[in-house]
Amino acid sequence: MERIPAACAMNWSIDLEKGLRIKRGHQEEVIEQFSPRLLSWSREPCVSLSASKMYDLIPGEERTFSNTILTRLVDAFISGNNGIRSSILKVFMLELRHIRRKGKRYKGILSKERLPNYLQLLKRLWVVFDTDDVKARALSLRLLGCWAPLTHDNADGQYIIISGLRSQNFLEVKASLFACGCLSLFSEDFVHAIVSILIDITRSMHIPSNLKSQAARTFGNIQCSSLLASKAYKICKRLVLEAPLDDGTRLESLFSLTKLAMKSVILISEQVEFLLTVMAEECSAVTKSVVLKCFRLLCFWKLCHVLAKENVLSRLMPIINDQNLSLVLQCEALKILHQIFRDHPESWLDLPDLQSLVICIKDAAQSSWISKRYLSLGLLTDIYCNDKRAEKGNCSKTGKLPEAGALDFLTTEICLLIGDDISSAVNKQDGDLIGNDFKEKCITLSTCVLRLVQMCPESGLSFLSRLRGTIEDKISQLKLKPGHLDPSLEAQESAQNFSEVIISCLRYFVVPSLNVLKHNNQTVPEMCTIVNLLLNVLQNFGYFGSDVLELESFHLILRYNNVDGMIISDNRWIGLERFGLQLARKMTSRKNYWILYKIGKYSCMDGAWFAATNAFKHLIPKAKSDSCRSWLKALMLLGGSESEIRLLLFPDLSTGLVNELCSDVDIERPIKDTEERKRIYECCSVLRQEESEKLSRAHKRICSSLEVLSALKTQIGGFWFQTWLLSLRKKGLETVIDLLHLLLKYGSISPSADEINFLSTNLLQISRRFNQISREYDFMIISFMEMDVQSSELISRLALYYSLLGYFSGFSLYFEDSGLFLLEDLSRRLCEVDGLDLRGQLPFSDWIRGFPSMSRSLNKSFGVCGSDQGTLSICRFATDSIHCLLKEAKHVKSKEEQLGYVYQNYLHSFIAVLLKWMSLPFNVPPYFFRLRDCAGAELFVIGEKTANPNELYTFVGNQLSLHLCIQLKNISSIRQGRIGELHCILAVDSSESASSWLEEIDKSMNMHEQLLMFMKQGTNAKFDSAAVTYVRMEANSLGQGFSSCLLDVSSFPEGFYRIIWHGCCMDDDDQLWTLPSLNYAIPFSVVKRPLDS
């Protein structure tokens, strides 16, 4: 359990005292090292009673040591030199950021609640103001500003700050101005007092201009209500219009006016008009720059709607192509327009000058300045996409785009930029340019391309056509020919650069465009043709020159060929397997084993199982540790298992790959056994009598892989995801094998009534097993919060696979209208999949009352995409089959004849469904190769009677009083900072066997459902067992939550028991995540009360 700052306060106080006393001359380093401790302490809430019990803290101990530490810092500030004072001030300046972010909700270490004797600290600080050291007084004034939560209502502090404003010294005035901005955050009365003083400073003719600029800047730093901001705004605006200000003060006042206007909705439009008036005058380039900076500030705070007006655009348009202005100002105007059109796409619909704006931006897009061209293309993309969105939404609009060539212009200009970048990248001999500059440009342009493709698929076709033409032109210019390469060093470097350029184009443009179309369920056959041509260019002219480039090309080709998610029914996969085998053979000969491992990894992720098996098989003898060897062996066995299934489906094509694998291992090995297996598999595909035995071979390899992985001695949480995924694959194959036994036994006969009853009973059990596997996949998705999106989609697809089999296996329930839960589960996964509504195509839709409200979008909750046409086609086939069977059954008169007829056809249909189901791809999620320990939580418990967590006990007839701490483990700091709430359920288990969370996943799933019920119903939730309790906690910055609870074990007899628990957390997006329990069971005992007590 990680110690909280309050538990470390005593040691910190001692360390600070030693450092300040002993290390003379090094006090600044001591203070700098102490700063992070104080800041982390301030961000933690006050210590609760439960946290005090967990760390054995005395009540009030935290306040005592915080007061001691701050007192020592103030004493060092008083007695030290200005260097020490500056170091101490830096500590509180960092804390000031936290104060400004929280405002009046600040509860940190400088709040009055946590520092009750703050007046003593202030009295110590007054001593510095009696000295003649001007710099010391200035530092003290800034320190008063950092202590705004303590000094905002202190009369002495306010008097000192206001007196500093009237000082004759520049440092004191500047420090007082800083303090005024800080105190205004907490006291509006103080703001009333200083506004007139700030005006006097700004108007004074005897004060230096830089000091007047600082006073004008202070107006913008004032934090106050909208009413007071309105008053200060009018005063400051009158000052700008009437007073004779120098240029610096006037420009600072413009920026401060914008900040003040942002505090009141009424003032924003007035300020925009005022800025436009200033801009309309014959102002300098510096003034225009400040006005544009003000506009950018409004855009940053999401106030673009006030700028989406005709007069604003009319002022910005001339700046875009004004050659008398600097490039920085022209780009600044483009950025403002880009922000307006991106954040408020509806704001331009009624602009009559839209055509003029588009023409102006087109001219800017043809500028010789690259940065200006990129910004202009991004803005044109926004305008075009907004226009398309308005057309789709049937929005009325006054402004219209130019009729001809908007899309062609965009795609042409983007391809011209790419062509120029390709030429510069290929002609350069410096590889760093291609690694950084070219890729950054591709990323910038890919944003435009993806937006165009999302709004209009035809734009993707146009773009890829032009991109292919651009690449072919470069090929002809470089005079590259397949199989021929100029031996000169310059030609080889140009060819290598060109290969890297093509890979970058595929990575940043082609594959993302296909993914966008995939997620939007859009298919453009011509685009696939163009992509194939690009891939052929890569393979025919790909003078890679490095192993990394060859690996990248292999990965991209795999991604493209798996982007449609179709059934494995064509021969395209055999080419990918051979490509992978060839590349693995090459890397083996070059002894580049890391690239070989990557080949195996990418092959597993994209279903090239023969290539994966071959890669890992060659890596096993090269492993230098037992853990690496076991991991590679588990991967090889997994690949071998899936290769067996592929061999079962495609005996002809797969046997050739098996021969290649055998020749790689032992070139003299006979292939007689593989030919025999081929004949067996061919017979199986017709007779289906030995299929279960062949699946058993795959099942044994999965079991072996699981055994190897389980034997690895790792920390708790290591390989949990990998073990769980293999375990579910094992369960799925076991259930499919049991199902095949039934289908092969009864599929060729017309079953009798007794056989139908036996068959129905077994099929219902199998259906429940399939449904349980599907639920486990769902539970897996929410149990690993750091899982990537692609892995979640793949696991969701697997859950859908088994839900389909569970639905089809529960056929007998549909005669009694009791299969509602199976239909609900499948419907929940299929309905509204990325806009594809299958409600009308599903049978028995009338069973579900309120069906539309029950359906959930898989895009949001399960992540299955509508472009998984293979999966959806099998689902349609399965549901239509059952629907037709029940329709035909109604026309059969005799009940016995009806059942026999229906079941005979049902078993035939089930065999067809199962064979189609086996052809669905099984790809390993990318998260499978993340070998760090999984994110989880550990529960720390102490009892009321003892502080030793290993001695939990209570007396017979009493309840068990517990103090709890949940500690998050193995979670990234970014993810941990987004977690706000922790929820936990505890229950008593009488079993004494030690087990982990992963080994008792069924109990964890049941406890998760109980926990959800507690979260929804609170204390009204009812359960069978009384020894169940629910706890809610607030997470701190260390990922900890503290609470106390009572566990009702008063009816338990004397003995030893276990507390099993399950936790979950809620992040900032209100997403609920399960926390795998790293210490699943906590022992405790119920003992008899001693006689002498």
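Refer to the structure above for everything that follows.
These lines cover the structure that appears in this document, whether it is placed above or below.

Definitions and limits used
- Residues numbered from 1 in each chain as written.
- Predicted model: local features only at pLDDT ≥ 70, side-chain atom pairs only at ≥ 80, totals over all residues.
- Heavy atoms only, no water.
- Helix = DSSP H or I, 4+ residues; strand = E, 2+ residues; numbered from the N terminus.
- Buried < 20%, exposed > 50% of the residue type's maximum accessible area, 1.4 Å probe, protein only.
- Polar contact = N/O pair within 3.5 Å; in protein donor to acceptor, adjacent residues only side chain to side chain.
- Contact = heavy atoms within 4.5 Å.
- Pairing = 2+ DSSP bridges.
- Axes fitted to C-alpha atoms, helices over the stretch in contact; angles between N-to-C directions.
- Core = buried A, V, L, I, M, F, W, Y, C linked by side-chain atoms within 4.5 Å.
- Expected span 1.5 Å × (residues − 1).
- Disulfide = S-S within 2.5 Å.
- Parallel < 35°, antiparallel > 145°, perpendicular 65-115°, else oblique.
- Left-handed = near helix turned anticlockwise from the far one by under 90°.
- Nonpolar A, V, L, I, M, F, W, Y, C, P; charged D, E, K, R; others polar.
- Salt bridge = Lys/Arg side-chain N within 4 Å of Asp/Glu carboxyl O.

Side note on the side chain of T218
Step number 1: With respect to the helices and strands, T218 occurs in helix α12 (residues 209-221).
Step number 2: Accessibility expressed as a relative area gives 2% for T218, which makes it buried.
Step number 3: In this structure the side chain of T218 is engaged in a polar contact, spanning 2.9 Å, whose partner is the backbone oxygen of Q214.
Step number 4: Those residues within four positions of T218 in sequence are excluded, and the remaining contacts are L177 and L198.

Description of the sheet that holds strand β1 (residues 936-943)
Step number 1: Reading across the sheet, the 3 strands line up as β1-β3-β6 and stay open at both edges, with antiparallel pairing between neighbours. Bordering the open sheet on either side are β1 and β6 (1040-1047), each of which pairs with just one other strand. Taken over all neighbouring pairs, the strand axes of this sheet differ in orientation by 25° on average, direction set aside.
Step number 2: Sheet topology places strand β3 (residues 960-969) next to β6; 8 bridges connect them, and they run antiparallel. When the bridges of β6 are listed, S961 appears paired with L1046.

A look at the nonpolar core
Step number 1: By size, the foremost hydrophobic cluster in this structure holds 172 residues, and its most contacted members are L38, W41, F92, L110, W147, F295 and L357.
Step number 2: The element that contributes the greatest number of residues to this core is helix α24 (residues 489-519), accounting for 13 residues.
Step number 3: If near-sequence neighbours (up to four positions away) are discounted, W41 is found in contact with P5, A6, A9, W12, E62, F65, S66, I69, I109 and R114.
Step number 4: By size, the runner-up hydrophobic cluster in this structure holds 122 residues, among which are F616, F719, Y906 and F929.

Let's talk about helix α16 (residues 285-300)
Step number 1: Compared with an ideal rise of 1.5 Å per residue, which puts 16 residues at 22 Å, α16 spans 22 Å between its outermost C-alpha atoms and is within 8% of the ideal.
Step number 2: Taken together, the buried positions of α16 are T287, K288, V290, V291, L292, C294, F295, L297, L298 and C299.

Brief notes about the state of the cysteines
Here, disulfide denotes a covalent bond that connects the sulfur atoms of two cysteines.
Step number 1: The final tally for this structure, using the stated rule, is 0 disulfides.
Step number 2: Between C182, a free cysteine, and C146, which holds the nearest cysteine sulfur, the sulfur-to-sulfur gap is 5.9 Å.
Step number 3: You can call C182 buried: its relative accessible area is 4%.
Step number 4: Lacking any disulfide linkage, C385 is separated from the closest cysteine sulfur, that of C448, by 8.8 Å.

Side note on the packing of helix α2 (residues 27-42) against helix α5 (residues 82-102)
Step number 1: At a minimum axis separation of 9 Å, α2 and α5 run at an interaxial angle of 15°. Accordingly, the angle class assigned to the pair α2 and α5 is roughly parallel. Here α2 and α5 pass one another in a crossing that is right-handed. Contact with α2, carried on its side by Q27, E28, I31, S35, L38, L39 and S42, involves G83, I84, S87, I88, V91, F92, L94, E95 and H98 of α5 and no other residues of that element.
Step number 2: Residues that form the contact of α2 with α5 fall into these classes: 8 nonpolar, 6 polar and 2 charged.

Concerning the pattern of salt bridges
Step number 1: For the structure shown, the criterion picks out 32 salt bridges.
Step number 2: A salt bridge links E776 to K731; the nearest nitrogen and oxygen atoms lie 2.9 Å apart. With E776 in helix α35 (residues 753-783) and K731 in helix α34 (residues 720-746), this pair connects stretches of sequence that are 45 residues apart.
Step number 3: A relative accessible area of 2% places E776 in the buried class.
Step number 4: Look at K731 and you get partly exposed, because its relative accessible area is 29%.
Step number 5: The salt bridge involving D989 is made with K1003; its shortest N-O contact spans 3.0 Å. Of the two residues, D989 is situated in strand β4 (residues 979-989) and K1003 in helix α43 (residues 1001-1017); the sequence distance between them amounts to 14 residues.
Step number 6: D989 sits in the buried class, given a relative accessible area of 11%.
Step number 7: Taken together, the salt bridges that share partners define one network made up of D989, E1000, K1003 and R1058.

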